[in-house]
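Examining the three-dimensional arrangement
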Amino acid sequence: MKFGVVIFPGSNCDHDCYHVLKHVLNKDTDFVWHKDKDVSKYDCIVLPGGFSYGDYLRTGAIARFSPVMDAVKKHADKGKLVIGICNGFQILLEAGLLPGAMLRNASLKFVCKFVTLRVENTDTPFTRALRNDVGATGRSPLLRLPVAHGEGNYFVDGATLKDLNADHQVLVRYSDEAGQTTPESNPNGSLENIAGICNKARNVFGLMPHPERASEEELGSVDGLKIFRSILNEN
Amino acid sequence: MKIDMDIEITPDVIAKHGVTSGEYGRIKTILGRSPNITELGIFSVMWSEHCSYKNSKNVLKLLPKDGKRMLVKAGEENAGVVDIGDGYVIAFKVESHNHPSAIEPFQGAATGVGGILRDIFTMGARPIVSMNSLRFGKLDEPVSKRLLTGVVAGIGFYGNCIGVPTIGGEIYFDESYEGNPLVNAFALGLAKKEEIVKAAARGTGNPVFYLGSATGRDGMGGASFASKDLSEESEKDRPAVQVGDPFMEKLLLEAVLELLKTGCVVGIQDMGAAGLTCSTCETASRGGTGIEIDVKHVPQRETGMVPYEIMLSESQERMLVILKKGRESEAKRIFEKWDLHAEEIGHVTDDGLMRVKENGVTVAEIPAKPLADDAPIYIREEKEPGYLRETRKFNPRSVGSVGDLNAALLKLLDSPTIASKEWVYHQYDHMVRTNTVALPGSDASVIHVKGTKKYLAMSLDCNSTYCYLDPYEGAKIAVAESARNVACSGAEPLSITNCLNFGNPMNPEIFWQFRRCAEGIRDACLAFGTPVSGGNVSFYNQSLRRRTNPPSSVADQARAIDPTPVIGMVGLIDGWKPVTSHFKDENDVIILLGETKEELGGSEFLKTLFGVKSGLPPRLDLEAETKLIKLLVALAKKGFLRSAHDCSEGGLAVALTESCISQDGDEIGAVIDVGDDELSTEALLFGESQSRVVISISPKDLKAAQDMIESMAYPYRVAGKVGGTALEINALVRVPVGVLKHTWRSAIGRRMET
């Protein structure tokens, strides 16, 4: 499986994603420049976190016009995988590859800390490695991943929200350590504690937390690897 | 402000530039004639304290700069460079942005971060760590809340966007900073040894490029602004505060590092204080050459700017790059890749002159070397401050008993200076680049150097109350505490950078504080073998507002900040595992290293519970501290340390509390017995005796660890055990950890959200 990590001007988690894929998981990984127009040689495209174009105008609002995004759309239309992390998620929303929009955090402050996530659906290419965790605990699996964002307050209209839920497209929600989606466990005020969603076809996934920051023991959690291992269909 | 280019240079104009008549005479000698207005402006910024260190140089000579790991020494370049082995080097520095932050906290702090990062990456090192030392008035004052909110948001705005983790630092609250907060920004970069570049203009005919943002009128004369007292008038100087664009700096950072790898760069310097003026004359001075530019090529974002304004602007995110002739197109490809604006504005000459033209007509012509290096050096008058006679006499026992010790501990944990800083660091991205192995809140910040078994530990420290009560001892302690913090994480201290924040140096009492602090730093650095790799002096930290309760009859003294020599220590863990400050497992044995003495002078205990800032601060024995640092590193190397946390503000009781709470908020209790009949209960629990560390050891390693401590003849006491849900100290203190944690973690947030 070949990964392409896109660099937009202002991306700053590009090296972190590359590091995990290339050096922790030893997978074939390239950087993809935002002016590139062809991503056909990759199986999975990673839109990394950061402040593409300085977050000017709106988060992700300028990056969606980068030449590479047309190629990423075609890639997604073919059913190939796309994962957008943090600013990458924001770009996917702006590009229309996922529904909804981001508001500023309810606190109006940037927030960086570890959070707990409840995995809502393990029947996707991004969460399938967690399938077995369900059986063991008898409840939804939990992940411990860091967030770091100023605009992660996910919002979507009522009809679409209903669809998202009916279709099990909400893959992760902020929760407490008991798996309860409480207001206190929500770091940004997002609707129904939503932390990440996928499209109907289940090949495009966007999430605010950073799996690449929780993929080595000494960083405090290796739960992020479960997402990358799902993509690789490894357990 | 409209600059009349034909203005006559009258004594009034000279005075308005902060140039003395003596300095003016020197300028005329250097030029062999009278300066015009542009030249006077250029001299005034280069010879400001901020750029020339004219009042401090003579004292800075005291600081030790030599060491076997020092590759670039203090003062030679933008930042010092230290060898960490296996082909890797680090460049690091701390710098103040106090005055801008006092006037406009968000942009002042943001551009402080931007400036220090540029200093690092222009040396060819990729910045991988930011930290900061912040000081404000009492947090219950609305103005302090406003400043803290703005400064923290500004630091986050810049650091989060550019993608350099802000992983630690320190924050103090004290009335001496009311109206004159301190914002000291630290950055550290990593490079391969061969990647380090110099900021020199060499090779006659080589083209000089201007790279980055266009020049505007923002930050006009900021270096001069930073070299005088803050006053009511300072509010009108708001245009002297620059505006930051971290996205632009991110592009510059990537483009510059890519450009430096090509080998087509001769020299490079960022345009920081004194902007285009400083970068041109300093690169020429270092290269032993001259430089000629024409301001018509300088990208400008405002119309009608005259050469005086273009040369003195401190617009942010600009660089001066000197390329090898013939390799311009290679460089231009990189500039274009990153969508950066670059213009050739001049070339290197061999006449030793900094020549500024406007449309081909010379508007300033100054010998570069004397301008950059020959500012006058002053030896200032000094005098021991009068207040010390009173404070030295003060007996801490005279305040009487504190009463309920549990309540006293909780009150200390509620002091914003001691409380958890999570309200602040949750606003900083402290994990980007995935090297952060110790989350903020431990004794030192620790990052992994990818691809190696090395870790870097760093800490910023200064207890300014100690420095106020005894500048020499206080500065020694600042160095010792930073070294101890780094050693608590298992690292060998390597080198320091410092940011020396003081009041007005023309006041002999302030200057005495300054010299005594420098002597303290010198002695501690010599003892620990940690040379000074660089730093910054910030004078004129005098408040906008008069303090409510002046501790001295000298009016000027009363309005100055407490002497604040902030020390940034960097240490190396070379192949073993880092240590954090919190207890890990039930039944681990708690050992107190060091001796507790009857030392409550200058303590946070006196300040918080009795409102007293007086007495003799703790004494520091450099020999004992050196031994302690070696011991901690030896214990860490063997893997014996489950945790290590030094006793600082709030003493043993606060140190134990902090060890009971992990960086993630997990809690575990401890039962301690440290009885000592000779000490007052207050000194035992809350005294701030130096060279003490609380460590915990797994029972299986206890014997070996004790043998090691005894072989080094360091005083210690097996004090208790980890476990349970409460912190119990002798029969004196017993509080559930959950209660301690709630108070400690919510103290700042509670004040800020109301």
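Fair warning: this is a prediction, and the values are worked out from it, not measured in the lab. (Residues numbered from 1 in each chain as written. Chains lettered and ligands numbered in written order. Predicted model: local features only at pLDDT ≥ 70, side-chain atom pairs only at ≥ 80, totals over all residues.)

Examining the overall build of chain B
- For chain B, the helix and strand inventory stands at 27 helices and 26 strands.
- For 754 residues, the compact-globule estimate of 2.2 N^0.38 gives 27 Å, and chain B sits close to it at 26 Å.
- Counting only C-alpha atoms, chain B reaches 85 × 60 × 45 Å along its principal axes.
- Partitioning the contacts of chain B with sequence separation of at least 6, the portion at a separation of at least 24 is 84%. (Helix = DSSP H or I, 4+ residues; strand = E, 2+ residues; numbered from the N terminus. Rg over C-alpha atoms; globule rule 2.2 N^0.38 Å. Contact = placed C-beta atoms within 7 Å.)

Section: the overall build of chain A
- Each helix and strand in chain A was counted, giving 6 helices and 11 strands.
- Each principal axis of the C-alpha atoms in chain A carries an extent, and together these give about 45 × 35 × 35 Å.
- For chain A, the proportion of its 235 residues judged to be buried stands at 56%.
- Long-range contacts, defined as pairs at least 24 residues apart, comprise 77% of the intrachain contacts of chain A with a sequence gap of at least 6. (Buried ≥ 20, exposed ≤ 12 C-beta atoms within 10 Å, placed from the backbone.)

Description of the interface of chain B and chain A
- Contact with chain B, which involves 22 residues of that partner, is made by 24 residues of chain A.
- For the side of chain B that touches chain A, the elements supplying multiple residues, two or more each, are α8 (142-162) and α10 (246-262) of chain B.
- The element that contributes the greatest number of residues to the side of chain B that touches chain A is α10(B), accounting for 4 residues.
- Of the residues belonging to the side of chain B that touches chain A, the class tally is 9 nonpolar, 8 polar and 5 charged. (Nonpolar A, V, L, I, M, F, W, Y, C, P; charged D, E, K, R; others polar.)

Some thoughts on the pairing of strand β16 (residues 454-461) of chain B
Residue and element names in this part refer to chain B.
- By the criterion of burial, β16 is predominantly enclosed, with 7 of the 8 residues buried.
- Across 4 bridges, the pairing between strand β15 (residues 445-448) and β16 is antiparallel. For Val446, the partnering residue across the bridge sits in β16 and is Ala457.
- Hairpin connection of β15 to β16: 5 residues between the antiparallel strands, including Gly451 at a positive phi of 80 degrees.
- Bridging between β16 and strand β19 (residues 564-574) involves 8 bridges; their strand directions are antiparallel. Counted as the bridge partner of Met458 is Val570 from β19. (Pairing = 2+ DSSP bridges.)

Considering helix α7 (residues 105-121) of chain B
- The end-to-end C-alpha distance of α7(B), which contains 17 residues, comes to 25 Å, matching closely the 24 Å that a straight helix rising 1.5 Å per residue would cover.
- For α7(B), the tally of buried residues reaches 17 of 17 residues, placing the bulk of the element in the interior. (Expected span 1.5 Å × (residues − 1).)

Notes on the sheet that holds strand β11 (residues 342-349) of chain B
All names here are of chain B.
- One open sheet accounts for 7 strands, arranged β8-β10-β7-β11-β9-β12-β13; its pairing is mixed. Each edge of the sheet is formed by a strand with only one pairing partner; in this case those strands are β8 (265-270) and β13 (361-367). Each adjacent strand pair in this sheet contributes to an overall mean axis angle of 20 degrees, direction not counted. (Axes fitted to C-alpha atoms, helices over the stretch in contact; angles between N-to-C directions.)

Remarks on the sheet that holds strand β14 (residues 436-438) of chain B
All names here are of chain B.
- The mixed open sheet is built from 6 strands, whose spatial order is β14-β15-β16-β19-β17-β18. This sheet does not close on itself; its edge strands, each paired only once, are β14 and β18 (532-538). Taken pair by pair, the neighbouring strands of this sheet meet at an average axis angle of 25 degrees, ignoring direction.
- With 9 bridges joining them, strand β17 (residues 492-501) and β19 adopt antiparallel strand pairing. Each bridged residue has a counterpart across the sheet, and for Glu492 the counterpart in β19 is Leu572.

Remarks on the nonpolar core
Residues and elements named next belong to chain B.
- Among the nonpolar cores identified, the biggest contains 308 residues, and Met46, Ala91, Met458, Val479, Leu632 and Leu656 are the most heavily contacted of them.
- No other element matches the 10 residues that helix α19 (residues 471-488) contributes to this core.
- For Val479, the contacting residues outside a window of four places in its chain are Ile496, Ile521, Ala524, Cys525, Phe528 and Ile567. (Core = buried A, V, L, I, M, F, W, Y, C linked by C-beta atoms within 7 Å.)

Observations regarding the confidence of the model for chain B
- Averaged over chain B, the pLDDT score is 93; the fraction of residues at 70 or greater is 95%.
- Across the whole predicted complex the pTM is 0.95, and at the interface the ipTM reaches 0.96. (pLDDT = per-residue confidence, 0-100.)

Concerning the packing of α8(B) against α10(B)
Residues and elements named next belong to chain B.
- At their nearest, the axes of α8 and α10 sit 9 Å apart, and the two run at 35 degrees to each other. Every pair of crossing elements has a handedness; the one defined by α8 and α10 is right-handed. Between α8 and α10, the contacting residues are Phe157, Tyr158, Cys161 and Ile162 on the first element and Pro246, Phe247, Glu249, Lys250 and Leu253 on the second.
- Considered class by class, the residues forming the contact of α8 with α10 number 7 nonpolar, no polar and 2 charged. (Left-handed = near helix turned anticlockwise from the far one by under 90°.)

As for the pairing of strand β3 (residues 88-96) of chain B
All names here are of chain B.
- Most of β3 is tucked away, with 8 of its 9 residues classed as buried.
- Relative to β3, strand β2 (residues 80-85) runs antiparallel, the two sharing 5 bridges. Counterpart to Val82 in the pairing with β3 is Ile90.
- Between β2 and β3, which pair antiparallel one after the other, the connecting turn spans 2 residues, and Asp86 there sits at a positive phi close to 55 degrees.
- In this structure, β3 lies alongside strand β6 (residues 182-192), joined through 9 bridges in antiparallel fashion.

Side note on the environment of Asn132(A)
- Following the sequence through the fold, Asn132(A) ends up in helix α4 (residues 131-137).
- A sequence separation of 10 residues divides Asn132(A) from Thr122(A), and the C-alpha atoms of the two residues are 9.1 Å apart.

Quick word on unusual backbone geometry
- Positioned with a positive phi, Asn233(A) is a non-glycine residue whose angle comes to about 55 degrees.
- Here Asn233(A) is to be found in the segment after α6 (224-231).
- Using a count of 10 C-beta atoms within 10 Å as the deciding quantity, one classes Asn233(A) as exposed.
- The backbone of Asn587(B) shows a phi angle near 75 degrees, a positive value even though the residue is not glycine.
- On the secondary structure map, Asn587(B) appears in the loop between β19 and β20 (589-593).

Examining the packing of α19(B) against helix α20 (residues 508-528) of chain B
Residues and elements named next belong to chain B.
- α20 packs onto α19 with a crossing angle of 40 degrees between their chain directions and a minimal axis gap of 7 Å. Handedness of the α19/α20 crossing: right-handed. Contacts from Pro471, Tyr472, Glu473, Gly474, Ala475, Lys476, Val479, Ala480 and Ala483 of α19 reach α20 at Gln513, Arg516, Cys517, Glu519, Gly520, Ile521, Asp523, Ala524, Cys525 and Phe528.
- Residue composition of the contact of α19 with α20, grouped by class: 11 nonpolar, 3 polar and 5 charged.

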